[in-house]
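Listed below, chain by chain, are the residues.
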Amino acid sequence: MGNETMKIPQATAKRLPLYYRFLNNLHSSGKQRVSSAELSEAVKVDSATIRRDFSYFGALGKKGYGYNVNYLLTFFRNTLDQDELTKVALIGVGNLGTAFLNYNFLKNNNTKIAVAFDVAEEKIGSAVGDIPIFHMNDLEEVIKREKIGVAILTVPSQFAQTITDRLVGADVKGILNFTPARLTVPSSIRVHHIDLAVELQSLVYFLKHYSESEQE
Ligand code: ATP
């Protein structure tokens with residue numbers, strides 16, 4: 001089933017966790033089927049897009065029946081590797097970093113921040129919840145030992161590239177970049193960039209300049 005992921009367009013793949021979370025909730029509340037209209041309302045994706053997305057999963061909704069929740073959940077679990085725990089490192093235990101450490105990612109899927117790193121002496125050796133904070137000097141060693149595959153970057157932006165180079169050297173495959181810095185990585189490494197300030201500005205810009213009918 002893993003290979004099927006290859007055929008799914010990226011835009012569709014990005015919506016998978018959204019669908020997964022909603023379907024999981026439906027399943028917990030005992031629902032066995034769902035219509036694309038219901039899904040559309042819940043995840044705020046138009047129903048034509050949902051139907052197209054689901055056709056990639058081999059899930060063809062039946063008229064007047066909708067989609068089988070169990071079938072979809074099984075597919076998503078396999079595709080998203082929900083049963084396999086992905087260990088994540090967080091670099092930079094400042095305000096934003098600390099908030100992430102306190103947030104329980106396991107509630108939604110099997111991703112766990114296992115370790116954190118910083119350079120501030122007063123933070124090294126302490127922990128947030130059960131997540132220990134290591135010194136950056138130990139980055140490569142700890143990442144290899146703990147088999148960390150993904151890193152979240154919440155450091156001041158001027159350090160982002162240097163740290164990224166070290167993460168790549170330590171075999172980290174994915175980076176979630178919360179700094180404003182644009183990162184350069186080899187093509188085998190995946191970077192997702194979330195710049196909160198830019199996202200907020202662009203939201204406000206769209207609200208000001210586009211009428212409702214023009215919004216995508
Ligand atoms: P704070 O209130 O702790 O300053 P902040 O999010 O406003 O929070 P930033 O200056 O953005 O602070 O730094 C975020 C965190 O990154 C801090 O804990 C800081 O010690 C840490 N940090 C700074 N430089 C590095 C580095 N080179 N490597 C790893 N962590 C770093």
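Here, every reference points to the structure presented above.
Residues numbered from 1 in each chain as written. Predicted model: local features only at pLDDT ≥ 70, side-chain atom pairs only at ≥ 80, totals over all residues. Heavy atoms only, no water.

Asks: Help me out: how do you make sense of the overall build of the chain in this one?
Replies: Per the secondary structure count, the chain includes eight helices and nine strands. Counting across all 216 residues of the chain, residues that qualify as buried make up 34%. In the chain, the proportion of contacts linking residues at least 24 apart, taken out of those at least 6 apart, comes to 54%. Summing over all exposed atoms, the chain offers an accessible surface of approximately 13,000 Å²; the carbon and sulfur share of this is 53%. (Helix = DSSP H or I, 4+ residues; strand = E, 2+ residues; numbered from the N terminus. Buried < 20%, exposed > 50% of the residue type's maximum accessible area, 1.4 Å probe, protein only. Contact = heavy atoms within 4.5 Å. Areas by Shrake-Rupley, 256 points an atom, 1.4 Å probe, with all protein chains shown as cover.)

Asks: Honestly, the site of the ligand in this entry has me stumped. Any pointers?
Replies: For the ligand, the set of nearby residues contains 14 residues, the closest of which are Val93, Gly94, Asn95, Asp118 and Lys123. Interatomic distance of 3.3 Å between a backbone N/O atom of valine 93 and an oxygen atom of the ligand. Lysine 123 places a side-chain nitrogen or oxygen 2.7 Å from an oxygen atom of the ligand. Burial of the ligand by the protein amounts to 64% of the accessible area it has alone, namely 610 Å². (Near = heavy atom within 4 Å. Polar contact = N/O pair within 3.5 Å; in protein donor to acceptor, adjacent residues only side chain to side chain.)

Asks: What is the right way to look at the pattern of salt bridges in this model?
Replies: Any two side chains of opposite charge can pair, so long as their charged atoms come close to each other. Taken as a whole and assessed by the stated rule, the structure comprises nine salt bridges. A salt bridge links glutamate 41 to lysine 44; its shortest N-O distance comes to 3.4 Å. On the basis of relative accessibility, which here comes to 55%, the residue glutamate 41 falls in the exposed class. Taking the relative accessible area as the measure of exposure, lysine 44 reaches 64% and is therefore exposed. (Salt bridge = Lys/Arg side-chain N within 4 Å of Asp/Glu carboxyl O.)

Asks: Help me out: how do you make sense of the nonpolar core in this one?
Replies: Here is a general trend for soluble globular proteins: nonpolar side chains tend to be buried in one another's company. Grouped together as the largest cluster of nonpolar side chains are 22 residues, with contacts concentrated most on Ile91, Phe117, Ile143, Leu153 and Leu167. Among the elements of the structure, β3 (86–91), β4 (111–118), α6 (139–146), β7 (150–153) and α7 (160–169) are those that each provide at least two residues to this core. Setting aside anything within four residues of it in sequence, one finds leucine 167 in contact with Ile91, Leu139, Ile143, Ala151, Leu153, Val172 and Ile175. (Core = buried A, V, L, I, M, F, W, Y, C linked by side-chain atoms within 4.5 Å.)

Asks: Quick question: what am I supposed to make of the sheet that holds strand β5 (residues 127–128) here?
Replies: Judged by pairing direction, the sheet is mixed, and its seven strands sit side by side in the order β5-β6-β4-β3-β7-β8-β9 without closing on themselves. The strands lining the two open edges of the sheet, one partner per strand, are β5 and β9 (190–193). By the bridge criterion, two bridges tie β5 to strand β6 (residues 131–135) in an arrangement that is antiparallel. Within the sheet, the bridge partner assigned to valine 128 lies in β6 and is isoleucine 131. With respect to the sheet, α6 is in contact with β3, β4 and β6, its orientation differing from that of β4 by roughly 165°. (Pairing = 2+ DSSP bridges. Axes fitted to C-alpha atoms, helices over the stretch in contact; angles between N-to-C directions.)

Asks: Explain the side chain of aspartate 53 to me, please; I cannot follow it from the model alone.
Replies: Here aspartate 53 shows up in helix α3 (residues 47–56). At 2.6 Å, the side chain of aspartate 53 and the side chain of arginine 15 are in polar contact. Excluding residues that lie within four positions of it along the chain, aspartate 53 makes contacts with Thr12, Arg15 and Tyr19.

Asks: Any chance you could explain helix α8 (residues 196–209) here in plain terms?
Replies: The end-to-end C-alpha distance of α8 is 20 Å, a good match for the 20 Å that 14 residues give at a rise of 1.5 Å each. Where α8 starts, the residue carrying a side-chain oxygen 3.2 Å from the main-chain nitrogen of alanine 197 turns out to be aspartate 195. (Expected span 1.5 Å × (residues − 1).)

Asks: Would you take a moment to explain the packing of helix α2 (residues 36–43) against α3 for this structure?
Replies: At their nearest, the axes of α2 and α3 sit 9 Å apart, and the two run at 110° to each other. Taken as axis vectors, α2 and α3 run roughly perpendicular relative to one another. For the pair α2 and α3, the sense of crossing is right-handed. For the pair formed by α2 and α3, the contact residues are Ser36, Leu39, Ser40 and Val43 on the first element and Ser47, Ile50, Arg51 and Phe54 on the second. For the contact of α2 with α3, the residue count by class is four nonpolar, three polar and one charged. (Parallel < 35°, antiparallel > 145°, perpendicular 65-115°, else oblique. Left-handed = near helix turned anticlockwise from the far one by under 90°. Nonpolar A, V, L, I, M, F, W, Y, C, P; charged D, E, K, R; others polar.)

Function cannot be read off these values alone, since they describe shape.
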